[in-house]
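Inside the fold
In case you want the letters, here they are:
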Amino acid sequence: MPVRFKHPKQSLSLSSECVNKFIKTQINLSKPTPKLWSDQHNAESFDPYNNNSVHILNLSHPILRILDSCTANLRHFNQIHSQLILSGIFQHPLAAGRVVKKLCSSQLTFAHAVKIFENLETPDAFICNTIMKSYVNFNEPEKALVFYHDQMVKNGIFRNNYTFPILVKACADLGMVKEGKKIHAHIVKCGFELDLYTRNVLIHMYSVCWRIGDARKVFDLSSDSDLVTWNTMIDGYVKNGEVNFARRVFDVMPERDVFSWNSMLSGYVGIGDMEAANLLFMNMPSRDIVTWNCLLDGYAKVGNVVAARSLFEQMDYQDVVSWTTLMALYVRLKDYGECLRLFDRLMQGRDIQPNEAILMSVLTACAHLGKLDLGKWIHSYISYSGRINPDTLLSTALLTMYAKCGEMDLAKEVFAQMPEKSVVSWNSMIMGYGTHGHGEEALETFMEMEKSGVMPNDATFVCVLSACTHSGMVLEGWWYFNVMTRVYRIEPKVEHYGCMVDLLGRAGLTRDSEDLVKNMPMDSGPALWGALLSACKTHSNAELGEIIAERLIERDPEDIGSYVLLSNIYAAQERWDDVEKVRNMMVVKGIRKEAGSSLVQFANSNMWCFPENVSVHKRNILCSMLNEMGAQIKCQSER
């Protein structure tokens, strides 16, 4: 169509340069559309509008090869998508399937795959399975079930034997046994109940949903079972606590692999039958690192540190799980020194890098042994390693270490940097302030905790009441004891009453402490009466002390603490005959007080000091240091 340019007032003059540009533009427009591949290929093109011929499309088509080799980049994909549409092969099942599969390979492009699916004219089971499997792999199993009902069932898309295992796995991940039974009904209707892969995932689904009887029914449907079927049944029995049934299946297996043996071993470890676990371990034809760690974990659970350490030393290779298990065992048994020695050995090897669990064990040991320098080194390691994630648990262990070592400023820094603070984190800060006599700061921290919306628990009030005890805050202690019951509806436990008895006893209110103990709704126990007896000794209340001591000795004749406190009460009043009677009573009953000890750290070494093995020279040094410390404390209190 000719275009007329009207210029009433002036004529149009075209230069030669403009004419040349116009000619070049027309030449370019007359060229065919550029393509991503050469026209000379053997694969035939797919024409959806030509119904009179057979059209073949295979993976050798150049654009499909380019599609398979491209990265998950939407810009690059859109170019290929355009070529598929221009070539008329986009709606071909093979091309559409390869497109959806490529987009489902990355979570970044998965949403685009769903949009592509919505524009397909005849999607098949392969495309639907690919999308549902991606939902499951990307931790959205509920969307896989919704997709199945809304797209496949409602639109009548044919389902194959790969469809149902995906749906059953989604139900297993969600723990939805009711929905799993519905899928099972669909499986029966479609005739796939005897499909081996489908049976395996059904056994797994019923096992993780605590329906082991239904899992066994599926297992018994057919004798056509492979090694996965047998292993899944054994693993299901073990996880449901049916170790004896698992052993019956294990004994009749036609063949076993290392997973079979490990599943049975974990079953015995789970119920604490270490004798059977060890016997099975000895009979195993082959063992892997999971086998060794499983038995090691079993010994750790029952607290058999000797067997655990012996097994650890027999291992050809210890991985990070092995080190974590053994170090956590030493911490649980309060052998903190051995935990730190293991950590030194681990760091000298340089083969394994410590993880968060190992560092938590080390920080706990540092907190109990006062190893502040090592604790600071761990803090630096966490900050500069670049691979340790200081989550809430690890950060809490770090601030607890600083709090127990008296470095409350550093503990506060760690606490302030925590993105999420648990109730344990708040409790550690309150306890740290309270232990070191900073009662006001402890109560301020508790008020900040209330403002933050974190709900305090019974351990929180133990920390608060203990802080009041160490700071002599009697009125505040009574107040928070009342707040605990009246506001937060927390029933006081023995620990709370113990803090209150200690608080009142230190303030000299021994009669009030006695009334509190007598009016407790539960059995007071020797700990509370012992705290009250200690208060009588502090405030020289011999009359009440004798009554309490006699009651404690009658209740637990083997507890040496009652004898010692009563003897000290008599000694404070210079009642030496009564002191001698108490000591003779201890001799007759064969009760002997263990020697006290002190842990003193010099540079990088520790020294335990006992009265019988300390030289006179060292004893004089220690006494001099203690006298100087006492003088400084006295001067500070007089200011």
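Whatever comes next refers back to the structure up there.
Remember, it's a predicted structure, so these values are computed and weren't measured experimentally.

**Observations regarding the overall build of the protein chain**
In terms of helices and strands, the protein chain carries 34 helices and two strands. The burial tally for the protein chain puts 41% of its 639 residues in the buried class. Contacts in the protein chain between residues at least 24 apart in sequence constitute 56% of all its contacts with a sequence separation of at least 6. Working note: accessible area of the protein chain is about 36,400 Å², and carbon and sulfur atoms make up 53% of it.

**Digging into the side chain of Thr 291**
Within the fold, Thr 291 resides in helix H16 (residues 289-301). Of the polar contacts made by the side chain of Thr 291, one reaches the side chain of Asp 288; its length is 2.7 Å. What Thr 291 contacts, discounting residues up to four positions off in sequence, is Val 258, Asn 262, Leu 265, Phe 281 and Met 284.

**Notes on the packing of helix H20 (residues 356-369) against helix H22 (residues 392-404)**
Between H20 and H22, the shortest axis-to-axis distance is 8 Å and the interhelical angle comes to 15 degrees. In terms of orientation, H20 and H22 fall into the roughly parallel class. Here H20 and H22 pass one another in a crossing that is left-handed. Residues Glu 356, Leu 359, Met 360, Leu 363, Cys 366, Ala 367 and His 368 of H20 touch H22, and the partners they reach there are Leu 393, Leu 394, Ala 397, Leu 398, Thr 400, Met 401 and Lys 404. Residue classes in the contact of H20 with H22 are distributed as ten nonpolar, two polar and two charged.

**Looking at the pattern of salt bridges**
Scanning the entire structure with this criterion turns up 14 salt bridges. When the shortest N-O distance is used, the salt bridge between Lys 154 and Asp 150 registers 3.7 Å. Residue Lys 154 and its partner Asp 150 are located together in helix H7 (residues 141-155), separated by four residues, close to a single helical turn. Each of Arg 309, Glu 313, Glu 338, Arg 341 and Arg 345 takes part in a single network of salt bridges with overlapping partners.

**Looking at H16**
Relative to the 18 Å expected for 13 residues at 1.5 Å per residue, H16 spans 18 Å between its end C-alpha atoms, a close match to the ideal helical length. Taken as a whole, H16 has its buried residues at Thr 291, Trp 292, Asn 293, Cys 294, Leu 295, Leu 296, Gly 298, Tyr 299 and Ala 300. Residues of H16 that are buried sit in contact with helix H14 (258-270), helix H15 (274-283), helix H17 (305-314) and helix H18 (320-332).

About the criteria used
- Residues numbered from 1 in each chain as written.
- Predicted model: local features only at pLDDT ≥ 70, side-chain atom pairs only at ≥ 80, totals over all residues.
- Heavy atoms only, no water.
- Helix = DSSP H or I, 4+ residues; strand = E, 2+ residues; numbered from the N terminus.
- Buried < 20%, exposed > 50% of the residue type's maximum accessible area, 1.4 Å probe, protein only.
- Contact = heavy atoms within 4.5 Å.
- Areas by Shrake-Rupley, 256 points an atom, 1.4 Å probe, with all protein chains shown as cover.
- Polar contact = N/O pair within 3.5 Å; in protein donor to acceptor, adjacent residues only side chain to side chain.
- Axes fitted to C-alpha atoms, helices over the stretch in contact; angles between N-to-C directions.
- Parallel < 35°, antiparallel > 145°, perpendicular 65-115°, else oblique.
- Left-handed = near helix turned anticlockwise from the far one by under 90°.
- Nonpolar A, V, L, I, M, F, W, Y, C, P; charged D, E, K, R; others polar.
- Salt bridge = Lys/Arg side-chain N within 4 Å of Asp/Glu carboxyl O.
- Expected span 1.5 Å × (residues − 1).

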